[in-house]
Amino acid sequence: MPNYAIGIDLGGTKILTGLVNKGNGEVLFSIKQKTGKEKDAESIVEKIKLSIRELLENSKFDIAQIDSIGIGAPGQVDREKGILISAPNLNCENLNLKALMEREFYIPTFLGNDVEIATLGEMKYGAGKGFSDFVCIFVGTGIGSGIAQNGQVRYGATGTAGEIGHIIVDAGGRPCGCGANGCLEAYASRTAIEARIMGALKKGRSSVITEFMRDDKAISSKMIRKALEHKDELITQILFEASDYLSNGLATIINFYNPELIVMGGGLIDAVDEFYQRTITKAKAKALPVPASKIQFKKAQLGDFSGVVGACFLENTQKLKKTSNV
Ligand SMILES: [Zn+2]
């Protein structure tokens, strides 16, 4: 019998909500909402509730057909209590999402973080299907990673395992949002790459990318790909530098964790294959020969929906976790 759940990927800029058939991972209906500039706990909660109501209305599903609601949030969470402890990008602190949703919809609700749900999605129905030890790395605003181990996501002692974005790749280097210097995400995240490009353009370096940019000056992954295809000197230099740093991070994971597989996701990885290929080739060359001989790389397969699908399985992993702790 099919069972259905609602998965919510709560991001810094958007809320993606989907109704998922847990039996095959199919997203039957989905709604995307912008979080808006003026963020606060109350408006975020209202938007989540609205998404769920709309989803049920559009899909003509009865609330009784929904097993669970899973929410992945960009921040620190208390999984047991279902509390979003802190999410600076959303201006939220100590928000009991579990209680708020259960009071509203009478459906068991589970909370995890954004990278955890994306990893769960790839584990169940994406690139990680059939693998028991693998790591997912998402290159975006920051660089996050999820560690999959025997069908579960590894949380660590404080629930923060996998913070690959903050391994230090350049002692005393560029400042990072976390307060330290020289963190990987200050070199190889989308944000860092964009900042490098904008900084160089401001200093008067020329690049073909300016021909693709519109008035809002935002740089998309597609623009970066086009500039690379044009063999643009500036973009090639900045991308290759970021790729070198990212491959250092990957080599560290290969040596330290010895995974079977590394799954990579995010807009830049999806759109710029040359960046992805170069990075994994360098990582294999830098890692120790034995773990490097077995490592496989794959791109994430569920795209925008890895988090939505994965959020529907938070219930299982958290219940399992609880039983194993008893
Ligand atoms: Zn950092």
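Calculation notes
- Residues numbered from 1 in each chain as written.
- Predicted model: local features only at pLDDT ≥ 70, side-chain atom pairs only at ≥ 80, totals over all residues.
- Heavy atoms only, no water.
- Helix = DSSP H or I, 4+ residues; strand = E, 2+ residues; numbered from the N terminus.
- Rg over C-alpha atoms; globule rule 2.2 N^0.38 Å.
- Buried < 20%, exposed > 50% of the residue type's maximum accessible area, 1.4 Å probe, protein only.
- Contact = heavy atoms within 4.5 Å.
- Areas by Shrake-Rupley, 256 points an atom, 1.4 Å probe, with all protein chains shown as cover.
- Lys, Arg positive; Asp, Glu negative; His and termini not counted.
- Charge placed at Lys NZ, Arg CZ, Asp CG, Glu CD.
- Donors = N, O, S within 2.8 Å, 3.2 Å for Na, K, Ca; no water.
- Tetrahedral: all angles 85-135°; square planar, octahedral: opposite > 155°, others 65-115°.
- Salt bridge = Lys/Arg side-chain N within 4 Å of Asp/Glu carboxyl O.
- Axes fitted to C-alpha atoms, helices over the stretch in contact; angles between N-to-C directions.
- Left-handed = near helix turned anticlockwise from the far one by under 90°.
- Nonpolar A, V, L, I, M, F, W, Y, C, P; charged D, E, K, R; others polar.
- Domains from an automatic or database assignment.
- Pairing = 2+ DSSP bridges.

Draft legend 1. View of the overall build of the chain. Scanning the chain from terminus to terminus reveals 13 helices and 13 strands. By the compact-globule yardstick of 20 Å for 326 residues, the chain fits well, its C-alpha radius of gyration being 20 Å. Across its three principal axes, the chain shows a C-alpha extent of roughly 60 × 50 × 35 Å. Expressed as a percentage of the 326 residues in the chain, the buried residues total 51%. Summarising the internal contacts of the chain: among those between residues at least 6 apart in sequence, 63% fall at separations of at least 24. Of the roughly 15,500 Å² that the chain leaves accessible, carbon and sulfur atoms contribute 50%. Positive and negative side-chain charges in the chain, numbering 39 and 37 respectively, have mean positions lying 3 Å apart.

Draft legend 2. Focus on the coordination of the zinc ion. Every protein donor of the zinc ion is accounted for by His166 (ND1), Cys176 (SG), Cys178 (SG) and Cys183 (SG), and the metal-donor separations fall at 2.0 to 2.4 Å. Here the zinc ion binds four donor atoms, and the angle range of 106 to 119° at the metal identifies the geometry as tetrahedral. Sequence spacing of the donor residues for the zinc ion, all on one chain, is H-x9-C-x1-C-x4-C. Taking the relative accessible area as the measure of exposure, cysteine 178 reaches 44% and is therefore partly exposed.

Draft legend 3. Representation of the pattern of salt bridges in the model. With the rule as written, the count across this model stands at 13 salt bridges. In this structure, glutamate 46 engages lysine 49 in a salt bridge whose closest nitrogen and oxygen atoms are separated by 3.9 Å. Within this pair, glutamate 46 and its partner lysine 49 are both found in helix H1 (residues 41-59), separated by three residues, close to a single helical turn. Taking the relative accessible area as the measure of exposure, glutamate 46 reaches 42% and is therefore partly exposed. Overlapping salt bridges bring together Glu46, Lys49, Arg53 and Glu104 as one network.

Draft legend 4. Layout of the side chain of aspartate 232. Relative to the elements of secondary structure, aspartate 232 occurs in the loop between helix H7 (221-229) and helix H8 (233-257). Every residue in contact with aspartate 232, bar those within four places of it in the chain, is listed here: Ser207, Val208 and Ala227.

Draft legend 5. The packing of helix H5 (residues 190-202) against H8, seen in detail. As a packed pair, H5 and H8 sit with axes 10 Å apart at the nearest point and diverge in direction by 145°. For the element pair H5 and H8, the recorded crossing hand is right-handed. Of the residues in H8, those in contact with Ile193, Arg196, Ile197, Ala200 and Leu201 of H5 are Leu234, Ile235, Ile238, Leu239, Glu241 and Ala242. Within the contact of H5 with H8, the residues separate by chemical class into nine nonpolar, no polar and two charged.

Draft legend 6. Fine view of the domain arrangement of the chain. Assigned domains within the chain: domain 1 (4-114) and domain 2 (127-300). Between the C-alpha centres of domain 1 and domain 2 the distance comes to 28 Å.

Draft legend 7. Structural detail: the sheet that holds strand E1 (residues 4-10). Taking strand neighbours across the sheet as the criterion, the five strands line up as E3-E2-E1-E4-E8 in an open arrangement whose pairing is mixed. Here the strands that pair on one side only, and so sit at the sheet edges, are strand E3 (26-34) and strand E8 (109-113). Between one strand axis and the next, the sheet turns through 15° on average, direction left out of account. In the sheet, strand E2 (residues 14-21) pairs with E3 via eight bridges, with the strands oriented antiparallel. Following the sheet pairing, valine 20 is matched in E3 by valine 27. Helix-sheet contacts for H1 involve E1, E2, E3 and strand E4 (66-73), and the interaxial angle to E3 is about 140°. Sheet strands in contact with helix H2 (residues 97-105) are E1, E4 and E8, and its direction is about 150° off that of E8.

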